[in-house]
Amino acid sequence: MGLDLLIRRARLAWDPERTADLLIQGGKVAALGEGLEAPGAPELDAGGLTLAPGLVDMHVHLRQPGFEYKETIETGCAAAARGGVTTLACMPNTSPVIDTPELVEFVRRQAALACGVRVLPLAAVSMGQKGRELTDAAALAEAGVVALSDDGVPIQSAHLMRQALRRAGGLPILSHCEDAEMVRDYAVNEGAVSQALGLPGRPAVAEEIMVMRDAMLAQETGGRVHICHVSTARSVEVVRQFKKRGVAITCETCPQYFTLTEEEVLRQGAMARVNPPLRTARDVEAIVAGLQDGTIDAIVTDHAPHSAEEKARPLTQAPSGMVGLETSLAVALTQLYHTGKLTLPALIEKMTASPARILGIPQGRLEPGLDGDAVLFDPEEEWVVNPAQFASRGRNTPFAGRRLKGRVRFTIVAGRVIYRAE
């Protein structure tokens, strides 16, 4: 059950020149304005902190069931709360794969025991993520799934993807776009760094050709496709052109793809190994341009925790992925807002209302009658990333030691403060 809470003197992220009070009653937004009164309701004096809807991260790997040594639903939710994320969608590449209503229910039960972050289980497109037999989209939707994805295992069969788009029943399909034969298990982008290391690389075209395929299939079927973790300039351009044609295509990117380049691998080795790989400076510029013109709809984390032992392996043997729930807002503020590349309202939109719209959920906005999920942050506070202090079990971040500008101070779900910075 939701609680009552009156937040006073908050600066509004979507209207930064305005300061207001927010009243939450019974877990729902009751009013937003100046000088609100609510006798008996607990009060939180924001003192000029910036208020935004709770962040919505539509691409998170919580690892449970099967890989609890990397992360659990409980620790992942605690990490989300520290990062201002109040709603997250968790990917199904667990063990067993989340591909039945029963496994969806397992995730929902575990999430109910966690800190209060809203967890939306995603289910696989194909049984076991094997790319051969489709899951029952209708039954999964009935169980509460808001999207389908084989993320981590690209759907290689165009026929299966076409059938999935036809049968998804309105659910978006979140597509990991890479041609498996081109990328294999290569560790880095194909280019100057792979050549310097003497390693085979993952070519940009391996992503781009699959983005084009899925965009064409969405156009042909009328299905909804969402391109995960866009990382190349040409991928951005493909999405841009198909959006202009009115195709039901959306896409996301992650902080690493508008902040880091492939050269980070030379400095940090396996800690900078992600999938798709870090690309070139030209690609980073194109990602920023895609965020600016609205081609890229959402900023997500692709939070992918691994154990310290796994990430300590040599570059070619370590798994791909980095954690991001506790740093995503701060990195985005540092790299996009404080550099003038995005306004604060535009940045927050891509981390709240836009991903919520893609998933068809009522979160991501602070309007009367909607859930009282919010984050209060100081966009000017500087801090240094220290993975030893993370709530996540994963410590694998290439942002370790980096000074960021912008820090979450309070995270609130349905009127309840679930995180308060010390």
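Residues numbered from 1 in each chain as written. Predicted model: local features only at pLDDT ≥ 70, side-chain atom pairs only at ≥ 80, totals over all residues. Heavy atoms only, no water.

Peer 1: Is there a simple way to think about the packing of helix 7 (residues 204-221) against helix 8 (residues 233-244) in this case?
Peer 2: Two quantities define a packed helix pair, namely the angle between the helix axes and the distance between the axes. Two numbers describe how helix 7 lies on helix 8: the axes approach to 9 Å, and their chain directions differ by 10 degrees. Viewed along their axes, helix 7 and helix 8 adopt a mutual orientation that is roughly parallel. Crossing hand, helix 7 versus helix 8: right-handed. Residues V205, E207, E208, V211, M212, A215, M216 and Q219 of helix 7 form the contact with helix 8, whose participating residues are R234, S235, V238, V239 and F242. When its residues are assigned to classes, the contact of helix 7 with helix 8 shows 8 nonpolar, 2 polar and 3 charged. (Axes fitted to C-alpha atoms, helices over the stretch in contact; angles between N-to-C directions. Helix = DSSP H or I, 4+ residues; strand = E, 2+ residues; numbered from the N terminus. Parallel < 35°, antiparallel > 145°, perpendicular 65-115°, else oblique. Left-handed = near helix turned anticlockwise from the far one by under 90°. Contact = heavy atoms within 4.5 Å. Nonpolar A, V, L, I, M, F, W, Y, C, P; charged D, E, K, R; others polar.)

Peer 1: Could you clarify how one ought to interpret the pattern of salt bridges in this entry?
Peer 2: Two side chains bearing opposite charge may form a pair once their charged atoms approach each other closely. Evaluation of the coordinates by the stated rule reveals 28 salt bridges. Residues E37 and R8 are paired through a salt bridge, measuring 3.6 Å at the closest nitrogen-oxygen approach. In this pair, E37 sits in the loop between strand 3 (28-33) and strand 4 (43-45) while R8 sits in strand 1 (residues 5-12), placing the two residues 29 residues apart along the sequence. Residue classification places E37 among the exposed residues on the basis of a relative accessible area of 61%. Close ionic contact of E381 with R407 constitutes a salt bridge, the shortest N to O distance being 3.1 Å. (Salt bridge = Lys/Arg side-chain N within 4 Å of Asp/Glu carboxyl O. Buried < 20%, exposed > 50% of the residue type's maximum accessible area, 1.4 Å probe, protein only.)

Peer 1: Explain unusual backbone geometry here, please?
Peer 2: What you tend to see is this: most non-glycine residues have negative phi, and most peptide bonds are trans. Q64 connects to P65 through a cis peptide bond whose omega is 10 degrees. Checked against the element boundaries, P65 lands in the loop between strand 6 (55-60) and helix 1 (73-82). Each neighbour pair has its own omega, and for S95 with P96 the value is 5 degrees, a cis peptide bond. Within the secondary structure, P96 is located in the loop between strand 7 (85-90) and helix 2 (101-112). Of note in the backbone geometry, R63 takes a positive phi value of approximately 75 degrees without being a glycine.

Peer 1: Any chance you could explain the nonpolar core here in plain terms?
Peer 2: What tends to happen in soluble globular proteins is that the nonpolar side chains get buried as a cluster. In this structure, L88, L148, I227 and L329 are the most contacted members of the largest nonpolar core, which totals 76 residues. If near-sequence neighbours (up to four positions away) are discounted, L148 is found in contact with A123, A124, V125, A137, L140, L171, P172, I173 and L174. Membership of the second largest hydrophobic core comes to 36 residues, among which are C228, V274, L359 and L404. (Core = buried A, V, L, I, M, F, W, Y, C linked by side-chain atoms within 4.5 Å.)

Peer 1: What's the story with the sheet that holds strand 14 (residues 249-253) in this structure? I'm lost.
Peer 2: Neighbouring strands of a sheet are bound in pairs by backbone hydrogen bonds; such pairs are parallel or else antiparallel. Strand order across the open sheet formed by 5 strands is 9-10-13-14-15, with parallel pairing between neighbours. Looking at the sheet topology across the chains shown, the edges are occupied by strand 9 (148-149) and strand 15 (298-299). Both strand 10 (residues 173-175) and strand 13 (residues 225-227) contribute to a ladder of 3 bridges, which runs parallel. Counterpart to S175 in the pairing with strand 13 is I227. (Pairing = 2+ DSSP bridges.)

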